[in-house]
Amino acid sequence: MPDSNSRPPALIALAVILFLEAALVTGLAGWLLVELLTVTPESFATAIAIFILTLLGAIWVIVTAAGILRKRGWARASTVTIQILQIAVAVGCFQGLVARPDLGWALLIPALVAGVLALTPSVVRATVRNTEQHD
């Protein structure tokens, strides 16, 4: 029987992707804060709202990545939700007057990989509580 504290390789890979995503969103929040403090925005209220939403997003991804490492079932659902939202943003990057396919691919590929990893049997098994062991 495998060690109950062991983490399957797919779970480790998923955590790495999530922590990289968290680093990028945190960096974006930092950049937005610098912009907020150094450049006069057209709408100060909108600039603050975007910064706060980005900061909350960074916190969400960090907490989810930590939850994956702790093998929490809720973190798997949170991961899938984050990846679906990231796919939506990626699709938006391929469209419009200011389309950025490079950013679209950079968002789409890790989101698809993380989404698949979150649903692999080894990750599901690692993050599902066995009620017999916890009684």
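Residues numbered from 1 in each chain as written. Predicted model: local features only at pLDDT ≥ 70, side-chain atom pairs only at ≥ 80, totals over all residues. Heavy atoms only, no water.

**Student:** Honestly, the overall build of the protein in this entry has me stumped. Any pointers?
**Tutor:** On a plain count of helices and strands, the protein comes out with five helices and zero strands. Element order for the protein, N to C, with α for helix and β for strand: α-α-α-α-α. In terms of overall dimensions, the protein has C-alpha extents of about 60 × 30 × 20 Å along its principal axes. The burial tally for the protein puts 31% of its 135 residues in the buried class. Taking as baseline every contact in the protein between residues at least 6 positions apart, the subset at least 24 positions apart corresponds to 66%. Carbon and sulfur atoms make up 72% of the accessible area of the protein, which amounts to about 8,700 Å² in all. Of the side chains in the protein, 8 bear a positive and 7 a negative charge, and the two mean positions are spaced by 10 Å. (Helix = DSSP H or I, 4+ residues; strand = E, 2+ residues; numbered from the N terminus. Buried < 20%, exposed > 50% of the residue type's maximum accessible area, 1.4 Å probe, protein only. Contact = heavy atoms within 4.5 Å. Areas by Shrake-Rupley, 256 points an atom, 1.4 Å probe, with all protein chains shown as cover. Lys, Arg positive; Asp, Glu negative; His and termini not counted. Charge placed at Lys NZ, Arg CZ, Asp CG, Glu CD.)

**Student:** Would you mind showing me how to read the pattern of salt bridges here?
**Tutor:** Between side chains of opposite charge, a pair can form as their charged atoms come close. Evaluation of the coordinates by the stated rule reveals one salt bridge. We note a salt bridge from Asp102 to Arg100, for which the minimum N-O separation is 2.7 Å. Here Asp102 falls in the partly exposed class, since its relative accessible area comes to 44%. (Salt bridge = Lys/Arg side-chain N within 4 Å of Asp/Glu carboxyl O.)

**Student:** Help me understand a nonpolar patch on the surface, please; the structure alone is not making it clear to me.
**Tutor:** A cluster of nonpolar side chains, contributed by Ile52, Leu53, Leu55, Leu56, Ile59, Val63 and Trp74, occupies part of the molecular surface with about 670 Å² of accessible area. Here the nonpolar patch gets six residues from one element, more than from any other, and that element is helix H2 (residues 44–69). Along the chain, the position of Ile59 falls in helix H2. (Patch = residues over 30% accessible without salt bridge, like charges linked within 9 Å, V, L, I, M, F, W, Y side chains within 5 Å.)

**Student:** Looking at this model, I keep getting lost on the nonpolar core. Mind explaining?
**Tutor:** Most often, soluble globular proteins keep nonpolar side chains buried together rather than apart. Ranked by internal contacts, the top residues of the largest apolar core, which has 17 residues, are Leu11, Leu14, Leu18, Val61, Ile68, Leu117 and Val123. Taken together, the elements giving at least two residues each to this core come down to helix H1 (9–38), H2, helix H3 (73–93), helix H4 (101–118) and helix H5 (121–127). Looking at which element gives the most residues to this core, the answer is H1, with seven residues. The contacts of Leu117, once residues within four sequence positions are left out, are Ala10, Ala13, Leu14, Ile17 and Val123. (Core = buried A, V, L, I, M, F, W, Y, C linked by side-chain atoms within 4.5 Å.)

**Student:** Before we go on, may I ask you to explain H4 in this structure?
**Tutor:** Counting along an α-helix, one turn takes 3.6 residues, and residues three or four places apart therefore face a common direction. In this model H4 runs 25 Å from its N-terminal to its C-terminal C-alpha over 18 residues, within 8% of the 26 Å that 1.5 Å per residue would give. Residues of H4 that are buried: Gly104, Leu108, Ala111, Ala114, Gly115, Leu117 and Ala118. In the core, the buried residues of H4 are packed alongside H1, H3 and H5. (Expected span 1.5 Å × (residues − 1).)

**Student:** Where do I start with the side chain of Ser78 in this structure?
**Tutor:** The residue Ser78 is located in helix H3 in this model. At a separation of 2.7 Å, a polar atom in the side chain of Ser78 contacts the side chain of Trp60. What Ser78 contacts, discounting residues up to four positions off in sequence, is Trp60 and Thr64. (Polar contact = N/O pair within 3.5 Å; in protein donor to acceptor, adjacent residues only side chain to side chain.)

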